[in-house]
Amino acid sequence: MLLVTSAEMQTLDELMIKKMGVPSAALMESIGLRVAQVIIDLLDGMGVHEQMGERSNATAVSSHVKRIAVVVGKGHNGADGLVAARYLHAFGYQVRVWLAAPEDELAPMTRLQFEAYLKLQGQLAAEQDDLADVDVIVDAILGNGSKLPLREPIKPLLRAIRKAERTVVAIDLPTGLDADTGQIDADCVQAAITVTCGFAKPGLYMDPGRNFVGRIVVASLALPREQAEAHGAHHYLITPDLAASRYRKRPTDSHKGTFGRVGILAGSKGMYGAARLAVEAAYRAGAGLVYYFAPTDLSAAWLTAFPVEAIIKRYPGRAGEWTKEAIDALVALFREVTTGVIGPGLGMNLRENVELLFTLANLPVTLVLDADFLSVLASLRDRGQSWFARRSFPTVITPHPKEFARLLDVSVEQVQANRLGYAKEFAVASNVVVVLKGAGTVIATPQPRIWINQTGNSGLATGGTGDVLAGMIAGLVASGYDVQDAAIVGVYVHGLAAQLACQKEQSEESLLASDLFRWLGTAFRQISRAMDISLDG
Ligand SMILES: NC(=O)C1=CN([C@@H]2O[C@H](COP(=O)(O)OP(=O)(O)OC[C@H]3O[C@@H](n4cnc5c(N)ncnc54)[C@H](O)[C@@H]3O)[C@@H](O)[C@H]2O)[C@@H](O)CC1
Ligand SMILES: [K+]
């Protein structure tokens, strides 16, 4: 599903009004009517009407008519609220408008809507009215034109809304939520439903904001998605349909050569579990063959922990001691595969041999870089920029926020406050696909295009799940996906497997990374079936 940032939505509003000739007031009318309809449905669900069939008859709303408070800001979000108030009043509901700003500060369009509402005998809240006495509060205070932090005098009003503990329907976004980042003000409105205007905004799906939006209804402005994309919109939510559309059915006339070979350089003393997880994950995501590159000193006892399907290829030397001989051997081994994973549990010693480190940049295969290897690159003077500049084959990096913060030389808090922005910036500057992990994993490509994932749960916040994800993405690439789709499908299926595991046999506390393997099959079947359905339909 297409998501549109605050600035993009402003451009699209302008496009509709100035180029397409749809009057601004007509757009507001359609949004306000949609909000009114959503509220009527909500009240139906709350048992407000005596008989369902009476809805169309304005005078037939039940005698215990419910009360609706519409809290109106001075901008166009307030204008949408006033249109909704006008319809709800006409349909016979008891509506009271609360102005969040002095009347003489209303924007011209908002003022016109305010006057129309009053001329039709719409009522304002009286001094003694209490928001706690209504059934539904409509948050039409701030929308897409707002930027955090919130200014007075809005904050006391938001606290009054919270204290009232009523059902809130927010127009466009809950006041106090940043449309682009999902960051919130401490007094952010907690909505039960958000009716968002035109297209959904990324912040509605990102932490912590996504916990404040309730159910999302997209009120269309009749602008086709392709037009929005042609005018620069490039953010997407990975919905089940989107994931299914990227799923590739495996050809029937296939053999193990069809699905490529993954080579994995991972593990060090005490950390071979990371390598083992990546190996199995690459197989479970569909790779034809998975090679594990092991130093000669790795004991045979350890290797028995690896899946029997793993092909063990030795390189000379001891774990963590990077010699020219070891790297030369690895370069030759990587020539035998189509896709590589470098990093899980690998340790940091490579940073001491920059020349050998740069040799790996020339590997003529798609690489998935994770964990320690990213920290090694971040420790370079230019934080890996010249290493990435050397790559001539596709590269995917799968950092968690701390690893990404090191690569960017910013704080983890800065990364988390602007996940989309940093992921995009790095993907473009370094020509890599960034998979920024954490709740709501973000995928950014150099084009740039950005996706937000919704699957997964807190069970994934445990050691080893990142190694599984890196292995899966490599397995998908090896079996024929391009890096972008491998990241989308890998991230989606990985999160879905965590959800399935927690529904069926584990909990978010008890989930282990290795539990995911049992559920990858079910997760893949879900998106492959969804694809069949969408093809048939
Ligand atoms: N342009 C149009 O014709 C359309 C606008 N629409 C509605 O208009 C909204 C956007 O309208 P606006 O651009 O007027 O913006 P808003 O109504 O979101 O807010 C703008 C007002 O809020 C104030 N403000 C901004 N940040 C603040 C802060 N941190 N603290 C306190 N006050 C702050 C500004 O001074 C300004 O007066 C959308 O959210 C949507 O609801 C929709 O009806 C679609 C069509
Ligand atoms: K709002």
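Residues numbered from 1 in each chain as written. Chains lettered and ligands numbered in written order. Predicted model: local features only at pLDDT ≥ 70, side-chain atom pairs only at ≥ 80, totals over all residues. Heavy atoms only, no water.

Engineer: I tried to follow the UniProt feature "domain: YjeF C-terminal" (unreviewed entry) in the protein on my own but got confused; where do I start?
Structural biologist: In the numbering used here, UniProt assigns the feature "domain: YjeF C-terminal" (unreviewed entry) to residues 239–527. Secondary structure within residues 239–527 divides into 45% helix and 14% strand; the distance between the first and last C-alpha atoms comes to 11 Å. (UniProt positions renumbered as here; feature names shortened; annotations may be inferred. Helix = DSSP H or I, 4+ residues; strand = E, 2+ residues; numbered from the N terminus.)

Engineer: Would you mind going over the pattern of salt bridges with me for this structure?
Structural biologist: Opposite charge on two side chains allows them to pair when their charged atoms are near. As enumerated under the stated definition, the model contains 21 salt bridges in all. The salt bridge partner of Glu 280 is Arg 276, with a shortest N-O separation of 3.0 Å. Here Glu 280 and its partner Arg 276 are both found in helix α8 (residues 272–284), 4 residues apart, which amounts to about one turn of the helix. By relative accessible area, Arg 276 is classed as partly exposed at 22%. When salt bridges with common partners are traced through the structure, they connect Lys 155, Arg 159, Asp 185 and Asp 187 into a single cluster. (Salt bridge = Lys/Arg side-chain N within 4 Å of Asp/Glu carboxyl O. Buried < 20%, exposed > 50% of the residue type's maximum accessible area, 1.4 Å probe, protein only.)

Engineer: So what exactly am I meant to see when it comes to the site of ligand 1 here?
Structural biologist: If you check the shell around ligand 1, you find 23 residues, and the closest are Ser 24, Asp 80, Gly 143, Lys 147 and Asp 172. Within the side chain of Asp 80, a nitrogen or oxygen atom sits 2.6 Å from an oxygen atom of ligand 1. Interatomic distance of 2.5 Å between a side-chain N/O atom of Asp 172 and an oxygen atom of ligand 1. Here ligand 1, which alone exposes 870 Å², has 84% of that area covered by the protein. Judged by its atoms lying within 2 Å of the grid points, ligand 1 is housed in the largest pocket. Broken down by secondary-structure element, the contributors of at least two residues to the shell around ligand 1 are α1 (6–19), α2 (24–45) and α3 (76–90). In terms of residue count, α2 provides more of the shell around ligand 1 than any other element does, 4 residues in total. Among the residues making up the shell around ligand 1, the classes are represented as 9 nonpolar, 8 polar and 6 charged. (Near = heavy atom within 4 Å. Polar contact = N/O pair within 3.5 Å; in protein donor to acceptor, adjacent residues only side chain to side chain. Areas by Shrake-Rupley, 256 points an atom, 1.4 Å probe, with all protein chains shown as cover. 1 Å grid on protein atoms, 1.4 Å probe; cavity = no way out; pocket = protein on both sides within 12 Å on 5 of 7 lines; lining within 4 Å. Sits in = over half its atoms within 2 Å of the grid points. Nonpolar A, V, L, I, M, F, W, Y, C, P; charged D, E, K, R; others polar.)

Engineer: How do you make sense of the confidence of the model for the protein when you look at a structure like this?
Structural biologist: Detailed reading of the predicted model is not advised wherever pLDDT is low. Scored by pLDDT, the protein comes out at a mean of 94, with 95% of its residues at no less than 70. Counted against residues more than four places away or in other chains, residues 49–63, with its pLDDT under 50, gives 20 contacts. (pLDDT = per-residue confidence, 0-100. Contact = heavy atoms within 4.5 Å.)

Engineer: Is there a simple way to think about the coordination of the potassium ion (ligand 2) in this case?
Structural biologist: Four donors placed tetrahedrally around a metal ideally meet at 109.5 degrees, and six donors placed octahedrally ideally meet at 90 or 180 degrees. Every protein donor of the potassium ion (ligand 2) is listed here as Asn 77 (OD1), Asp 139 (O), Leu 142 (O), Ile 171 (O) and Leu 173 (O), and their distances to the metal cover 2.6 to 3.0 Å. Of note, the donors binding the potassium ion (ligand 2) are all from one chain and are spaced N-x61-D-x2-L-x28-I-x1-L. A residue pair is termed long-range when its members are at least 10 positions apart, and Asn 77 in helix α3 and Asp 139 in strand β5 (residues 136–140) qualify at 62 residues. For the pair formed by Asn 77 and Asp 139, the shared burial category is buried. (Donors = N, O, S within 2.8 Å, 3.2 Å for Na, K, Ca; no water.)

Engineer: What is the right way to look at the domain arrangement of the protein in this model?
Structural biologist: Interface size is often expressed as the accessible area that is lost when the parts come together. According to the domain assignment, the protein contains domain 1 (2–233) and domain 2 (242–536). Summarising the inter-unit geometry, the C-alpha centres of domain 1 and domain 2 are found 43 Å apart. Opposite the 9 residues of domain 1 that make contact, domain 2 presents 10 residues. Across the interface of domain 1 and domain 2, roughly 670 Å² is buried in total on both sides, 59% from carbon and sulfur atoms. Together, Tyr 205, Met 206 and Arg 210 form the three largest contributors to the area buried by domain 1 at its contact with domain 2, with a combined 54%. At the boundary of domain 1 with domain 2, the tally comes to 0 salt bridges. Inspection of the region where domain 1 meets domain 2 yields 1 residue pair in polar contact (both at pLDDT 80 or more). The residue inventory of the side of domain 1 that touches domain 2, partitioned by class, reads 4 nonpolar, 2 polar and 3 charged. (Domains from an automatic or database assignment. Buried area = accessible area lost by both parts, 1.4 Å probe.)

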